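Here is what each chain is made of, one letter per residue.
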Amino acid sequence: MRRRLMPAIAATAVAALGLAWTGSAAQAAAPADELVALCEELYGDTFGTPNTEPLGACQWDMALINAGTESYAHATGAGVSVGVIDSGIQADHPDIAPNLDLARSCSFITADDPLAQEIEKADGDCSDKAALVDLSGHGTHVASTIASPVNGVGIAGVAPEATIVALKACNAAGYCFADSVTAALRYAGDQGIDVVNLSLFADPYLYYCKDDKSQKAILEEIASAARYAQQHGVTIVASAGNEASDLQHPGIDDTSPDYPDGAAETREVMNNCVVAPAELPETLTVSATGPIGYPDYDLWIADYSSVGMSRVDVTAPGGDYFRATGTVQDAILAATSSTGDIYAGYDALNPFYPGITTTDAGGVYVYLNGTSMSSPHAAGVAALVVEKHPGWSPKAVQAAVQRTATTLACPADWAPLNAADERERCYGNGGRTSFFGHGLVDALAAATS
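Residues numbered from 1 in each chain as written. Predicted model: local features only at pLDDT ≥ 70, side-chain atom pairs only at ≥ 80, totals over all residues. Heavy atoms only, no water.

**Quick look at unusual backbone geometry**
A cis amide bond links Tyr259 to the next residue, Pro260, at an omega of -5°. Along the chain, Pro260 turns up in the loop between strand S7 (252–253) and strand S8 (267–268). Going from Ala276 to Pro277, the amide bond is cis rather than trans, its omega being 10°. Among the secondary structure elements, Pro277 is positioned in the loop between strand S9 (273–275) and strand S10 (283–289). The phi dihedral of Ala361 falls on the positive side, at around 50°, and the residue is not glycine. Examined against the element boundaries, Ala361 turns out to sit in the loop between strand S13 (357–360) and strand S14 (363–368). (Helix = DSSP H or I, 4+ residues; strand = E, 2+ residues; numbered from the N terminus.)

Put into structure tokens, the structure is as follows:
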């Protein structure tokens, strides 16, 4: 979803510790061996180590979905291309570069984007590789979860031999305007990309309401691009959102429009209003869990994750800061951009949250939290299905991801966490619930299906 991750964790630090947050500090990444020792102490007895990479002990998320050495023996995503429609990429990151198709990567940030930096603006001129720069760090993190290789560096992704195509549609300020998102989707179709991940909503509206002429027109453009991509063989995977909303029973939207500043209006939204791309019929939509299985962690659905029967198709690890072990390690560790705002901001918090960032072989890594982090796990599983069944349609690939997921029941005695939590209850039974859809994605089951 739209990036405001750094201020969220910074605010936590300020509130808890009385800090005067400035958003910058000297680099203080935790040594990798210290982080690994911490992860082994926290999670070793519950999750073990899913792969042989140096930071593998910290990947409880991969262990939870059976992505690792055993699943790699059956499928790795080899020959499959995954488009990451996001904030760009650090092309020379050692855990990204081996699997990056730089030639097909492209920035769709437009010249008239009022919040973009000049270097990002390429308007779909794919020869301008400098425009791919990840000034946030979010896109690099998402790509890393999908396809960081098994190369003796950092972590391993769900599909460690898949090819990443960076499709930049989100600017440095964290906005993913609809025109850039639609251009990226159509390009993915034209390029024959197999899977795309969208850990975002298309700005400027969180909910697009069909009874408003201008909102309806923007929504139709996004929907048309999604249909085009799917008709050209692209399996579309997207995050459900971080608003703790029930998408089937929407309530109050006080976010839209989020540009220009101050334009947002508080409005009651009904089912004629939809989040795009999460609620488009072409999309495999993913909610987020924390470290299910950890002793006494009974929340299961991440405290921020949006949900919704017939909206959420599957769930995957998105992290749940502090909820299981009381540490930031309850989030998702993956690569990020060394020049991105996320790393610059989070790295300063190591004295207060040990190991929130680390380095390995010159690459930087950070723990992040969100449905932005759950969606790429599902996209990686989709890549495994495509490898095993290259002739399948996008709908068949999505069905396989759902069919091989591990069914999850509604959490016992679940209740809203606070007044802002619009998830009044978890409902559904059998093979589908409003919180988890058809269940938790399973890389091994998909790789052997």
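**Some thoughts on the sheet that holds S10**
A sheet is described by the order of its strands in space; here seven strands give the open sequence S2-S3-S1-S4-S6-S10-S11, paired in parallel fashion. Lying at the two open borders of the sheet, with one neighbouring strand each, are strand S2 (106–107) and strand S11 (314–317). One ladder, built from four bridges, connects S10 with S11; its direction is parallel. Looking at the pairing, Val286 lines up with Val314 of S11. (Pairing = 2+ DSSP bridges.)

**Brief notes about the confidence of the model for the chain**
In this model, the chain carries an average pLDDT of 93, and 94% of its residues clear a pLDDT of 70 or more. In the model, residues 1–8 has pLDDT below 50 throughout and makes 36 contacts with residues more than four positions away in sequence or in other chains. Below a pLDDT of 50 lies the segment residues 10–26, which in the model reaches 20 contacts outside its immediate sequence neighbourhood of four places, other chains included. (pLDDT = per-residue confidence, 0-100. Contact = heavy atoms within 4.5 Å.)

**Side note on a negative patch on the surface**
On the surface, Asp112, Asp123, Asp125 and Asp179 cluster together into a negatively charged patch. Here Asp125 lies in the loop between S2 and helix H5 (138–147). (Patch = residues over 30% accessible without salt bridge, like charges linked within 9 Å, V, L, I, M, F, W, Y side chains within 5 Å. Areas by Shrake-Rupley, 256 points an atom, 1.4 Å probe, with all protein chains shown as cover. Salt bridge = Lys/Arg side-chain N within 4 Å of Asp/Glu carboxyl O. Lys, Arg positive; Asp, Glu negative; His and termini not counted. Charge placed at Lys NZ, Arg CZ, Asp CG, Glu CD.)

**Brief notes about the state of the cysteines**
Summed over all chains, the structure comprises five disulfides. One disulfide bridge connects Cys106 with Cys126, the sulfur atoms lying 2.1 Å from each other. Here the S-S torsion is close to -90°, and the disulfide linking Cys106 with Cys126 is therefore left-handed. Separated by 20 residues along the polypeptide, Cys106 in strand S2 and Cys126 in the loop between S2 and H5 bring together distant segments of the chain. Considered together, Cys106 and Cys126 belong to a single accessibility category, that of buried residues. Taken in sequence order, the bonded cysteines of the chain link in the pattern 1-2, 3-4, 5-6, 7-8, 9-10. (Disulfide = S-S within 2.5 Å. Buried < 20%, exposed > 50% of the residue type's maximum accessible area, 1.4 Å probe, protein only.)

**What about the pairing of S14?**
With six of its six residues buried, S14 lies for the most part within the structure. Judged by which residues are buried, S14 turns out to be covered on both faces: Gly363, Tyr365 and Tyr367 on one side and Val364, Val366 and Leu368 on the other are all buried. Strand direction decides the pairing type here: strand S12 (residues 332–336) and S14, joined by five bridges, are antiparallel. Bridge pairing in S14 places Thr336 opposite Val364. In terms of strand pairing, S13 meets S14 through four bridges, oriented antiparallel. Within S14, the residue paired with Asp360 across the bridge is Gly363. Connecting S13 to the next strand, S14, in antiparallel fashion are two residues, including Ala361 with a positive phi near 50°.

**Considerations on the packing of aromatic side chains**
All told, the structure shown has 13 aromatic pairs when counted by the stated rule. Measuring from ring centre to ring centre gives 6.4 Å for Tyr175 and Tyr259, while their planes differ by 75°; the resulting arrangement is edge-to-face. Of this pair, Tyr175 sits in the loop between strand S3 (163–168) and helix H6 (178–191) while Tyr259 sits in the loop between S7 and S8, placing them 84 residues apart in sequence. Residue class for Tyr259 comes out partly exposed when judged on its relative accessible area of 29%. Among the aromatic side chains, those forming a connected cluster through ring pairs are Tyr43, Phe47, Trp60 and Tyr294. (Phe/Tyr/Trp six-rings, centres within 6.5 Å; stacked < 30°, edge-to-face > 60°.)

**Some remarks on the sheet that holds S13**
Read across the sheet, three strands follow the order S12-S14-S13 without closing on themselves; strand pairing throughout is antiparallel. Among the strands making up the open sheet, the edge pair consists of S12 and S13. For this sheet the average axis-to-axis angle between neighbouring strands, irrespective of direction, equals 30°. Sheet strands in contact with helix H2 (residues 32–47) are S12, S13 and S14, and its direction is about 120° off that of S13. (Axes fitted to C-alpha atoms, helices over the stretch in contact; angles between N-to-C directions.)

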